[in-house]
Structure formats: structure tokens, C-alpha cells
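Structure at a glance
Each chain, letter by letter, is given below.
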Amino acid sequence: MRILGIDLGTTNSACAIWNNGKAELIPNRLDKLLTPSVVGIDENNEVLVGESAKHRLVSHPSLTASVFKRYMGSEYEFKLGKRKFSPVELSSLVLRSLKEDAEAYLKEEITQAVISVPAYFSDAQRKATKLAAELVGLKVERLINEPTAAAMVYGLHEKSDGAQFLILDMGGGTFDVSLVEYFSGVLEVHASSGDNFLGGEDFLSVLAQKYLSDHSINEKKLSSNERQRIFEMLNNAKHQLTYSQNVTVEKAHKQQEKPWIIDRDLFLKISQPLLYRIQTPIERTLSDAAITPSDIDEVVLVGGATRMPMIRSLVSKMFRRMPSGNIDPDLVVAMGVAIQAGLKEKQSDLDDIVLTDVCPYSLGTEILNHNDKSGKQGGLFMPIIERNSVVPTSIVKSLCTASDNQKELKVCIYQGESRLVKNNIYLGELEVEVPRGPKGKETIDVRYSYDMNGLLEIDVTVDSTGKTYHKTILNTPGTLSEKEIEASKVKLANLKFHPRENESYRVLIARAEKIYEGALGERRDNIGNILYQFDQVLESQDIRDIEKFVQKLEEHLHLIEQESVFT
Amino acid sequence: MSCWNTLGIEPTPKKVLIKKAYAAKLKSHKPDEDPDGFAVLHAHYKQALNESQLYQIEDTSEPRVENYKQDKEEQIPEGNNNAAHTIISEPEVIQELETHYTHDILMTEDEESPTTEEYSYINYDAEWNEITKQINLVLANLKTANDEKNWEFLNSAEALFDIEFKAHISNYVFSQILELKKQHPRRKLPIIKTLDRFFRWTDKRDILEAHFGFQRVQLLLGAVETIGNKKLIKWTSTKSHNGPMFYPNYYARLGATTIDIIIISFAQYYLALAAQKLGINNSLIDTNSFLRVLVLYTFLIPIMESSPLQGALGKILLGIKVTNKEGRRLNIFQAFWRNISYMLSTAGFKITVWINMFTNDGRMLHDRLSKSLVIKR
């Protein structure tokens, strides 16, 4: 039984497997290693995932969804046409696509997976990820933190004993920092921290804000087509800025009269507030590990957003050295996940590798007097599992009643570092009945168990009655009941999928449609004609004709894109 | 059992040996296969690492690098941070901080890395003196301190990119602002918001609290919104109330009702005027202003309470809202019934007030009758 390693990213996903002593990346149906995390529905109600859906973001924004990883574990819903999808369902569609690709590549059925999540993902977000996999019949053998996965690759590759790495992982939506040491086959994560709302998408949105204000466009008044078009063009511009000093954006919106030029300095200036935010998690990680920047042997950059020159220069200034990143930052996490999958499979070539990870945030409970009349409930946070404790861990603390004749105790579960619960993230709560008595007499034992997957379980025992309660967390946003999960499964099973074989044609059509949207006049008619012809050829089902046409179309589209988008 | 027994080695100051022993033992106590055994092993490993420091002093075969670093440390020019010592209220802490800081800077300065040359021109001691001098200048009085322009030098200071240097400057500025606040306890310091954006104080509140104490941090950052953590909660609470419910006190609710009645009184007055102007002549709305208030109150309030606003203006202003027992929004009928039972119970000898005194969640009669809750937003 093979275990698939999956990196489920905000903008791109990838999968890999441990094979013959190395991590082997699995190409998708288009023979690419990265699959965009975009899901769409087409006119025939068929689901599209990846490249083709990404192109349709511009031409059919109301039928396409992206960046849903950011909403994992929340009640947010995406509307695709008339249907509503939760972020979990959308993620499971991406997972489904990856699973199919892997099955076709390995020629066997896959039912188990190791999936990576940002280190700073909360309990609800992790549960949502796990659920997404279960919806498509993948049993999650382990959730691994993304920077830890990347560290595995660097640890195994460099093989330098006693080396300390600082992994800075900035993907599309999240930023994670981990301090990792590798010695004698042990990969030990010392400390970890992060920011769940800092990634490439935020830099894009900063750029978009600048563009909109420069052309005095009201974002709220944009149609979704116009909006997507602007974002798409600016995203390309953002990528271009990695390689050139300045980029010219040709007409992205009708209000734009002349080409808009953006250079690195301007981009740096408007991104400054985001750059300040990079510092905090790094500082926290270093202080938690009681280490100074000079103790670090290597600063490693992981994740697509770290390609940005401004990030590289910031990091080198922060640590007064060049960061390393000699493995493709987009794929390194997937490779690390494959190593973890290999570990889970008990592959003999990984026999002497052990990985230990930490819990990146403090988990605790509110100590309060919830029967308080005046509304001043104390609201103090008591950590039970301190941040950066090694996992798995299980800790018990004793709590007692706060007022006379109290009938029940409410154990509110929080995650965070602030002394006051109102500044921390609320995870859920548990109500416990206790016999009435004078205050302080009744005590309960609260046990927090944090497992290797980063999932939290809570057990409460009432001392006097001996009654036990187990993780019946109420009121958690984004968690589904058994019935809702079943409904989701049925919903996904009823969806129609585009046949895998024709995916490359789909991409081509979507790409042509995208250009059609942006083009005007003659060129537009031209593309319209070609699309019509392509439909005819596809209907003829003559493979040779189709192949010929595809080649012609590809060349043609390439030419148009070269001409129109950038100079 | 001592930690050395668990690791199976003799007490040693050499961390490398401890790590080797731990790595060997770990293979038979892997965290996912033997969580309990791993927990013990890991705790003892940490303990051994701590204890090893006790032996460190006796050990003669210290690594060469360490010696080198110590030599370097002795060369630190003294007395370069006079300004800091005199102003900061907790001299010991800060002093410790500073030696620590200079120490680290020197350690890395001569390190062989590909970019050493690029940064070697930054003299961090000189930069520290320069920047702190400028900070003191800006903080000389409230007016200059609150002017955003005066702080722009922070953005252009190359040395502030260094993560450690910035952390120390951050602490320095924080302590200086505290001093300023102490001198002018009643004056506002809007500049804190700008500085917070630069130094990210609210993000690392707990670290600051450990340094400066909760009260002092609260004094400066109390007014600054903590945005980072709340984000998650904000967009999840579309349907039901997220988080534990806090009950407002009686005065907040009384205040909310008073505000509503005042607004409605004005509204009825202008409505009557408008009706007159338009020439609508209905004896009922024309004559009785009390009736008009009553009618408006009966319809307007339930509509607003069952709307996504979950409360009329008074409740919005005072930060409270109406929900059902599950923390979800009321439906229109429930809101109507709530309102009618409110009017009835107020008419009946102010029973609402009395019943409130015997309950501990602040729920009044009409809340109970309509199975609703009034909670803080």
C-alpha cells in the first residue's frame, strides 16, 4: 500500500512519493509538477481543477474559486454558479485531482496520504484539511507542518551533522518559521511560529490596491471579470518583477489610458507594512529557542513567495548573510511530505531517521467566573500546553469552581499567547456538570492532548463524581456533523468530472477564452473563429486532426500572448 | 531515574555526546510509536542538556570557537551606551540587554559568510548611538513625538534591518515612550499606532509583557486594536455568535433602550411634521404622539433586532446584540414576541427590573419569555 505525500497549497498543490530512496514528484495530467489550487465548473456542469480552471478565473470568475485554503476551518462559502461549496469541499476536489494523477502515474489505487499544513494552522483548520481528504477517500496518515517537511529535505540532502537551519516558508497565503537541528539521523524542530495571513496573495493585493488607486477605480464597482483580469495581469507583473527591474502593464482596465509602469522600488515601498510583519515570527522563534542569529548555520527560503527579490534582500539584511534555497521553493515541501510518507510506510532506507516536531502556539483555557453578574468575567488565559512543547504531549491541569452553588463549569479552549483570552483565538468549549457546593470545593482535571498531527483532544474528569467528558467541543465554527459530512460526500459523488484524457484541450480552450476576453476587434473575432473550428475538430474525434490543430492553436496563442500582455 | 541513566551515558559537558546518545535511544522510542517513552526520553534529554552547562566551567577542552568569541567579547569598548542607562527605569534588565546585544553583534561581524563585505560597513555601535540619540531628540516633547514625519528616519536606517538590532531598538523606544507617558499621563500618544506598525508591538505583546510588565504594556498598547488575532473570528461569525457569550450589565441595556426611545421620539415628531406637510390627515397619527412612539417602537425595533444588525441603534452603539439561545439571529416573529412581552412586562410594575435582580445571567422577563439572549457583540 503506497502512501501519497501531498502539499496542498494556497495557490499551487503538488504530490510526491518515496521511491527507491528518494522523493519522486508526480506529474499531473498535463505533465506538470504543480497543479494550481483552483476549482471551476463549466457550462456542462463539469468540474475543472487546476490549469484549465485557473485560466477560467478571468473568463468565468463566477464559476471559479481560488485561494480557498485561507478559509479552511471557517463557515465561509464559495458560490460557483448556483451551487455553494465549502472550502473543505473545494480542497477535496483538488485532492481528488491529485489522487487521480498519482493513481494513473503509479498504476495502483491510493487510499492513504500524508498532507502538509502551515505550521501555524489552528486545530479547526487542521481538522478541515483532514476532512477534505476523507471526503475523497484518502485516509490521512499524518498531517505534517510545511516548514518541517522542507527541513526534512534540507536535512537529508545536506547531511551535515549538528547543523541548525532556520526555515522561512512563505507560500501563497501563509508564513511559517521553524528552527530545526539535524544530528545523527534526528531532525529536531526546536521552535516554530508563523502568520496565517501573510503570503504572496497579500503582496498581490497590495499591488492591486496601488493600481486601483492610481487609476481612481472603485474596487467595489468592478465586475468580477474586470477584477479578475486586473489581478491576473498584476500577478504576472509581480512574477516579472522577480527577474526585471521594472514591468509595464498594458491596458488591464478600460480606465487605464497609458501603460502603467511599476518598478521594484515602488513595489518595495508599498509592501513595507507586509515586510514589517515578517520580523515578528522570526524574532519569536529565535527567542523561544534561546538562540541568536549567529548560531544559525543556514537560513533556508521555502515557498513561491520567497522568490521575490525584496524578501531575499530583507532576509539577507536581517541575518547578514545570503539565504540558501538551492531546491525549488515550490516543490521542496512536496518532497518533504514524500519523505514523511516514506517514514510512515516504514521504508528501509529511512530506517534511522526520526522526526520530532513542536506545537507552535500555546493552548489553554479561560479562567473565569461565568456566572458573574456584572459582566466582568475575568477573561484570563491559562496556558495548559505551552508553545513549542515537543509533540505528542499530554498535560493535565486542575481547575475549580469559581462561585457558590455553581452547577456547571465551562471549559473554553483558546489558542494564543496573550494574557487575556479576548486577544487569543477561540477554539471551542466544553460544558461540565458539577455537584453544587461552596466555591472552590469542586475540582475538575482538564487534560489537553496534542498529537503528532497537531490535533487537539480534551478530556475532562470531574473529581467528585468521576464523570468524564471527551472532546465534545461545542460551537466550533466550520466543523460539520456526521450528517453534514455524509451530505458533502453525496454532493461530491454526484458531481461530473471532465475526462482526464481531454484535460490538455480544456486548458487550451480556457486559455483561448481568456485571451478572447481581453482582446478587442479583429483579434477577438479571430480567436472566436479558431475556438469554433476547434470545437468542430474535437467533435470529429480524429486524433491526428486534433493533434495537428492543437499544435497550431498553441503556437497561435503563444504569439498573441507575447504581443499583447507585456512588452 | 536520572536523566543520564535514561540516555545511558556518564554525565558529560559535551552536548554532542548527549545528542548522540539521545539519537541512539530515540530509534527505539519513536514519538509516533511510543509516545510515553518518547515523552520521558525527551524530557531527560532536555534536562541533560541543561545539566551539562554546570560541568561546562570545569571542562578544559572547550571548542576553539568559544574561546575566540570570548576574546572578542572582552574587546567591547565600554561606556558607549550611557544615554540608555540613565533614562530607563529598569537599569538591570536593560543593562543585561545591552551587553547581550553588543556581544552578539561582535560575534557575527567577523564571521565568514559570502556577504560579510556587504554589511561590514555598518558599525552597529555607532548606529546605536546615532539612532538612540535621534530617538531621544524626537521624544523630547509631545509635539515632536507625535509627528509621524519625525520618525521617518527609522525607515531609512540600514542597521534597523538587522533583526536583533531592531529588537533592541524596539525595546529602547518602548521604554522611552513609557517614560514620556509617565510624564504626561493624561495626554494621548497617537504615534504609538505608527510605531506599532513598524515594531509590531501588538504582535509580540506577550514578549513585551514579560519584559515590562502587563500594566505598562497595557498603558501604551491598550488603545491600539489587536487586529491580527481577530481576523479569524470575524469572518466566521456570519451565522452564529462565535466565542463565549458575555452578558452586558443592566445599565448598558437601560442605556440602549433610552437611546432608542429618544431617537424614536424625534422620529415620530418629524414624521408627524412630514405628514402634515403632505396633507395626510388621519386623526389617529395626528393627535397622539405617545401612540406614534408606540407604533414605531412595536415595528421598528423587532425589524432591526431580527436584521443582521441584531439590535436597534442603542444596542449597536453600546456594543450589545440580541440572539436566540444558540447564539443565532432571531427570526422576525420571535423578535416581535420579544418586543410585545417587553412592553407588557414594563407596563406591569417594572417587573423586569426585579426579576433581573434574582437571576445571575442578567436575563430579564421578556428575554425569558421570548427565549432570547442579550449579549456583548
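Below you will find a few notes about this structure. For clarity, every value in this text was computed on a predicted model and none was experimentally measured. Throughout, a residue's number is its position along its own chain's written sequence, starting from 1. The naming scheme follows written order: chains are lettered A onward, ligands numbered 1 onward. Selection of residues for local features in this predicted model requires a pLDDT of at least 70, selection of side-chain atom pairs for listing and counting requires 80 or more, and totals for whole chains, interfaces and linings are taken over all residues. As a convention, hydrogens and water are excluded, and side-chain values are obtained from all of the structure's heavy atoms.

1. Here we look at the packing of helix H13 (residues 205–212) of chain B against helix H14 (residues 214–221) of chain B
Residue and element names in this part refer to chain B. The following threshold applies: Fitting a line to C-alpha atoms yields each axis, with helices limited to the stretch in contact; the angle taken between N-to-C directions then spans 0 to 180 degrees. Here a strand is any run of E in DSSP of at least two residues, a helix any run of H or I of at least four, and the numbering for each starts at the N terminus. Reported orientations rely on four angle classes, namely roughly parallel under 35 degrees, roughly antiparallel over 145, roughly perpendicular from 65 to 115, and oblique for the rest. Contacts are assigned to residue pairs with any non-hydrogen atoms lying within 4.5 Å of each other. Side-chain classes follow a simple rule in which Ala, Val, Leu, Ile, Met, Phe, Trp, Tyr, Cys and Pro form the nonpolar group, Asp, Glu, Lys and Arg form the charged group, and the remainder, Gly included, forms the polar group.
It is the contact of H13 with H14, at a shortest axis distance of 7 Å, that shows an interaxial angle of 130 degrees. Classed by the angle they form, the pair H13 and H14 counts as oblique. Here Arg-205, Leu-208, Glu-209 and Phe-212 of H13 lie close against H14, whose contacting residues are Phe-214, Arg-216, Val-217, Gln-218 and Leu-221. In the contact of H13 with H14, the residues fall into five nonpolar, one polar and three charged.

2. Re the nonpolar core
Selection rule: Grouping buried Ala, Val, Leu, Ile, Met, Phe, Trp, Tyr and Cys residues that are joined through side-chain atoms within 4.5 Å yields what is termed a nonpolar core. For the exposure calls, accessible area comes from a 1.4 Å probe over protein chains only, and a residue counts as buried if that area is under 20% of its type's maximum, exposed if over 50%, partly exposed in between.
In terms of nonpolar packing, the biggest core is built from 46 residues, with Ile278(A), Ile282(A) and Phe319(A) touching the most fellow members. A per-element tally of this core places helix H5 (residues 200–214) of chain A first, with seven residues. Among all residues touching Ile282(A), those that are not within four sequence positions of it are Leu166(A), Leu168(A), Phe175(A), Val177(A), Met318(A), Phe319(A) and Ile163(B). Listed in part, the 41 residues of the second largest apolar core include Leu8(A), Leu80(A), Leu93(A) and Leu492(A).

3. A closer look at the sheet that holds strand S6 (residues 46–49) of chain A
All names here are of chain A. So the rule is basically this: Any two strands are treated as partners once DSSP identifies two or more bridges connecting them.
Read from one edge to the other, the open sheet built from four strands follows the order S7-S5-S6-S28, with strand pairing classed as mixed. Of all the strands in the sheet, the pair left with one neighbour each is strand S7 (64–66) and strand S28 (496–497). As judged from the two bridges shared by S6 and S28, these two strands associate in the parallel manner. Looking at S28, one finds that Val-47 is bridged to Phe-497.

4. Observations regarding the packing of aromatic side chains
In plain terms, the rule: Here the aromatic set is Phe, Tyr and Trp, taking the six-membered ring for Trp, and pairing holds for ring centres within 6.5 Å; pairs whose planes are under 30 degrees apart are stacked, those over 60 apart are edge-to-face, and all others are tilted. We count a charge as sitting over a ring when the NZ of a lysine or the CZ of an arginine lies within 6 Å of the ring centre and within 35 degrees of the ring normal.
According to the stated counting rule, one finds 24 aromatic pairs over all chains in the structure shown. Arranged with centres 6.5 Å apart and planes meeting at 85 degrees, the rings of Tyr361(A) and Tyr450(A) form a pair that is edge-to-face. Separated by 89 residues along the polypeptide, Tyr361(A) in the loop between strand S18 (354–359) and strand S19 (363–367) and Tyr450(A) in strand S25 (residues 443–450) bring together distant segments of the chain. In this pair, the class of Tyr361(A) matches that of Tyr450(A), namely buried. Put simply, the rings of Tyr276(A), Phe174(B), Phe198(B), Phe199(B), Trp201(B) and Phe212(B) pair up and form one aromatic cluster. A cation over a ring is seen here: Lys69(A) above Phe121(A), with NZ or CZ 5.9 Å from the ring centre. The ring of Tyr124(B) carries the charged tip of Arg320(A) above its face, separated from the ring centre by 4.3 Å.

5. Considerations on the pattern of salt bridges
Our working rule: Any carboxyl oxygen of Asp or Glu within 4 Å of a side-chain nitrogen of Lys or Arg constitutes a salt bridge here.
Under the definition given, this model contains 41 salt bridges over all chains. Between Glu33(B) and Lys346(A) there is a salt bridge whose closest N-O contact spans 2.6 Å. In this pair, Glu33(B) sits in the loop between helix H2 (15–26) and helix H3 (35–56) while Lys346(A) sits in the loop between helix H9 (332–344) and S18, so the two residues belong to two different chains. For Glu33(B), a relative accessible area of 48% corresponds to the partly exposed category. When the shortest N-O distance is used, the salt bridge between Glu179(B) and Lys182(B) registers 3.7 Å. Of this pair, Glu179(B) and Lys182(B) both sit in helix H11 (residues 163–183), three residues apart, which is roughly one turn of that helix.

6. Points about the side chain of Gln228(A)
Residue and element names in this part refer to chain A. By secondary structure assignment, the location of Gln-228 is in helix H6 (residues 224–240). Using a relative accessible area of 18% as the deciding quantity, one classes Gln-228 as buried. Look past the residues within four positions of Gln-228 in its chain and what remains in contact with it is Leu-57, Val-58 and Pro-61.

7. Quick look at the packing of H11(B) against H14(B)
Working note: a packed helix pair is described by the angle between its axes plus the distance between those axes. Residues and elements named next belong to chain B. Two numbers describe how H11 lies on H14: the axes approach to 10 Å, and their chain directions differ by 80 degrees. Here H14 runs roughly perpendicular to H11, going by the angle between their axes. Where H11 abuts H14, its residues Phe-174, Ile-177, Leu-178 and Lys-181 lie against Arg-216, Val-217, Leu-219, Leu-220 and Leu-221.

8. Describing the environment of Trp151(B)
Residue and element names in this part refer to chain B. Tracing the backbone shows Trp-151 in the loop between helix H9 (142–145) and helix H10 (153–156). Taking C-alpha positions, Trp-151 is 13 Å from Ile-169, a pair spaced 18 residues apart along the chain. Dropping the residues within four chain positions of it, Trp-151 is found in contact with Ile-135, Val-138, Leu-139, Ala-145, Val-173, Ile-191 and Leu-195.

9. So, a nonpolar patch on the surface
Residues and elements named next belong to chain B. Here is the rule: A patch is a set of surface residues, each over 30% in relative accessible area and not in a salt bridge, joined within 9 Å for like charges and within 5 Å for the nonpolar side chains Val, Leu, Ile, Met, Phe, Trp and Tyr. Note on areas: Shrake-Rupley, 1.4 Å probe, and residue coverage restricted to the protein chains presented here.
Residues Ile-262, Phe-266, Tyr-269, Tyr-270 and Leu-273 make up a contiguous nonpolar surface patch of about 540 Å² in total accessible area. Structurally, the position occupied by Tyr-269 is in helix H16 (residues 250–278). On the basis of relative accessible area, Tyr-269 is assigned to the partly exposed category, the value being 46%.

10. Some words on the sheet that holds strand S17 (residues 298–302) of chain A
All names here are of chain A. Strand order in the open sheet made by the six strands is S17-S12-S13-S14-S18-S21, with mixed pairing throughout. Since the sheet does not close on itself, it has two edges, and those belong to S17 and strand S21 (389–391), each with one partner. For this sheet, the mean inter-axis angle between neighbouring strands, taken without regard to orientation, is 25 degrees. Here nine bridges tie strand S13 (residues 175–183) to strand S14 (residues 186–195), and the two strands are oriented antiparallel to one another. Residue pairing in the sheet places Val-177 in a bridge with Ser-193 of S14. Along the sheet face, helix H7 (residues 264–288) touches strand S12 (163–170), S13 and S14 and points at about 140 degrees away from the line of S14.

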